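What the coordinates show
Below are the chains, spelled out letter by letter.
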Amino acid sequence: MYSKKSVTPEAVNPKDWSPQSWKKFPVKQLPKYPDQAALEQAYNELQNNPPLITSWEVEALKKKLADVSAGNGFLLQGGDCAESFADCKSPKIVNLLKVLLQMSFILIHEMETSVVRVGRIAGQYAKPRSRDYEIVDGEKIHNYRGDLINSITPTEEARKPDPKRLIEGYNKAALTLNFLRALSDEGFADLHHPEYWELDFMKENEYYKEYEAMVNSIQKAVNFMETITPNEFSTTQKINIYTSHEGLNLYYDSAQTQQVPRREGWYNLSAHMVWLGNRTRDLGGAHVEYLRGIRNPIGIKIGPNYDLDHTLKLIERLNPTHEQGKIVLITRFGKDEVENRLPDLIKNIKHEGMPVVWSCDPMHGNTFKTDENVKTRNFDAIVSEIRKTFAIHRDLGSYLGGVHLELTGDNVTECVGGANGLHEGQLHKNYETYCDPRLNYQQSLEIAFLIAKEWNQ
Ligand code: PEP
Ligand code: MN
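Calculation notes
Residues numbered from 1 in each chain as written. Chains lettered and ligands numbered in written order. Predicted model: local features only at pLDDT ≥ 70, side-chain atom pairs only at ≥ 80, totals over all residues. UniProt positions renumbered as here; feature names shortened; annotations may be inferred. Helix = DSSP H or I, 4+ residues; strand = E, 2+ residues; numbered from the N terminus. Rg over C-alpha atoms; globule rule 2.2 N^0.38 Å. Buried ≥ 20, exposed ≤ 12 C-beta atoms within 10 Å, placed from the backbone. Contact = placed C-beta atoms within 7 Å. pLDDT = per-residue confidence, 0-100. Pairing = 2+ DSSP bridges. Axes fitted to C-alpha atoms, helices over the stretch in contact; angles between N-to-C directions.

Under an unreviewed UniProt entry, the protein has the name Phospho-2-dehydro-3-deoxyheptonate aldolase and belongs to Fodinibius salipaludis. According to UniProt, the comment filed for the protein under the heading Catalytic activity (unreviewed entry) is "D-erythrose 4-phosphate + phosphoenolpyruvate + H2O = 7-phospho-2-dehydro-3-deoxy-D-arabino-heptonate + phosphate". You can read under Pathway (unreviewed entry) in the UniProt record for the protein the words "Metabolic intermediate biosynthesis; chorismate biosynthesis; chorismate from D-erythrose 4-phosphate and phosphoenolpyruvate: step 1/7."

What follows is the structure, encoded as structure tokens:
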């Protein structure tokens, strides 16, 4: 059995690995920087900056994820598809924290379990793309790959990979995280008050009575807490939120990978958790090589075309010590494929005894383009994949321990459907994303209600 294999110190800290050993392997989705000297200079600067997070926080998150993998607690991971440097602003950060927090309150209250909050935030600046080029005004130019690499401005010059963006990414991540930490410590108390939640839109929904009862009940619980501990309430409510991004730009991640005094191994100190994208998870590739050497929890995206044997080897490679809370398997099959693809994976992982957190990303397998060529997702398709994923895990005696969502706290119009009945003709109104379409504030709260309902099936 997987969990009974012996653990050697070499497996924790492999001698043939270093933060830059990935450079000897083929690397996908990371363009060549034209100016190597400038790249080296940026890399060195990044290496010497203070870390954004600590190894203690990483270990605390891993412990919480270990509990989730054992069936206790739920992981709520969410945020932008692509953060932009321009949106490193107070209202965006406040709104994202607010929606994640309100969603987590709904889940905690309705599911009677703890919730681990992980934002796609403070470093989610690099994107894999299905095409290297796009055509703009009849001209073929390189594609945008996230603010960490090039600019969204559609000119060939602006699309050149620029190493200075590695430093700017670090700076923006630091500013974001600084504000997040301040908000989480104190002064965000109004979030505890459901009367400030904007729930009127739910009135049209068939479940409105249930929603209303739930909100009233959350409110009662808050009032009770405040009555019994009036002075301690704000301090006892210190919010925990962790950060995550796709481990894609290996220059950014490896420069911030360090050894920590009195600890074994290496930590990526740019985010608490990083994930391996669906397009960069080949065993012989640079991304897997880099990720195998760090102690952070690692997400693995698994899409419809996965190979079972390869996936089992991948998990073994990334978690050779069989540590609990280390691997989060994020399945993103799409509502039409999930029933064909997921059961086999669950059965085999179960058979091997691999301790993983199962998470459902109902976004990336459900993207489509409208007749007007606008990238969108349908709220009902997203809910359908979540429902099916819960049901499959339930049937197989497995535990779905989390969701991975692309969402924002703003009132954007990027995904269709939901209680407000957003339709394709309205998408242009407030379509802001730099990459994939996100759930807006209302759709996000509604999803949280529906997840809780599904959980209680
Ligand atoms: C993403 O999470 O934005 C993403 C690109 O996902 P995937 O690797 O699953 O396609
Ligand atoms: Mn995306």
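Picking up where we left off.
**Considering the overall build of the protein**
Regarding its fold elements, the protein presents 13 helices and 14 strands. Since a compact globule built from 457 residues should have a radius of gyration of about 23 Å, the 21 Å found for the protein is in line with a globular shape. Counting only C-alpha atoms, the protein reaches 60 × 60 × 50 Å along its principal axes. Every one of the 457 residues in the protein was classed for burial, and the buried ones make up 45%. The contacts in the protein between residues at least 6 apart in sequence include a share of 77% that link residues at least 24 apart.

**Topic: the confidence of the model for the protein**
Taken residue by residue, the protein gives an average pLDDT of 92. The fraction at 70 or more is 93%. The complex prediction reports pTM at 0.95, with the ipTM value standing at 0.99.

**What about the sheet that holds strand β8 (residues 273-276)?**
If you trace the eight strands once around the closed barrel, you get β1-β2-β5-β8-β9-β10-β11-β14, paired in parallel fashion. Neighbour-to-neighbour, the strand axes of this sheet turn through a mean angle of 25 degrees, independent of strand direction. Where strand β11 (residues 356-360) lies against strand β14 (residues 400-406), three bridges are found, and the strand directions are parallel. The residue of β14 that forms the bridge with C360 is V403. The strands touched by helix α10 (residues 308-318) are β9 (298-302), β10 (327-331) and β11; relative to β9, the strand with the most contacts, the crossing angle is about 170 degrees.

**Let's talk about the UniProt feature "binding site: Mn(2+)" (unreviewed entry) in the protein**
The sites that carry the UniProt feature "binding site: Mn(2+)" (unreviewed entry) are, in the present numbering, C81, H364, E406 and D436. Spatial clustering of the annotated residues is evident: they stretch over 356 residues in sequence, but the largest pairwise C-alpha distance comes to 10.0 Å. Take C81: it is sitting in the loop between β1 (74-79) and α4 (90-111). Residue classification places C81 among the buried positions, given that 23 C-beta atoms sit within 10 Å. Among all residues touching C81, those that are not within four sequence positions of it are E406, T433, C435, D436 and R438.

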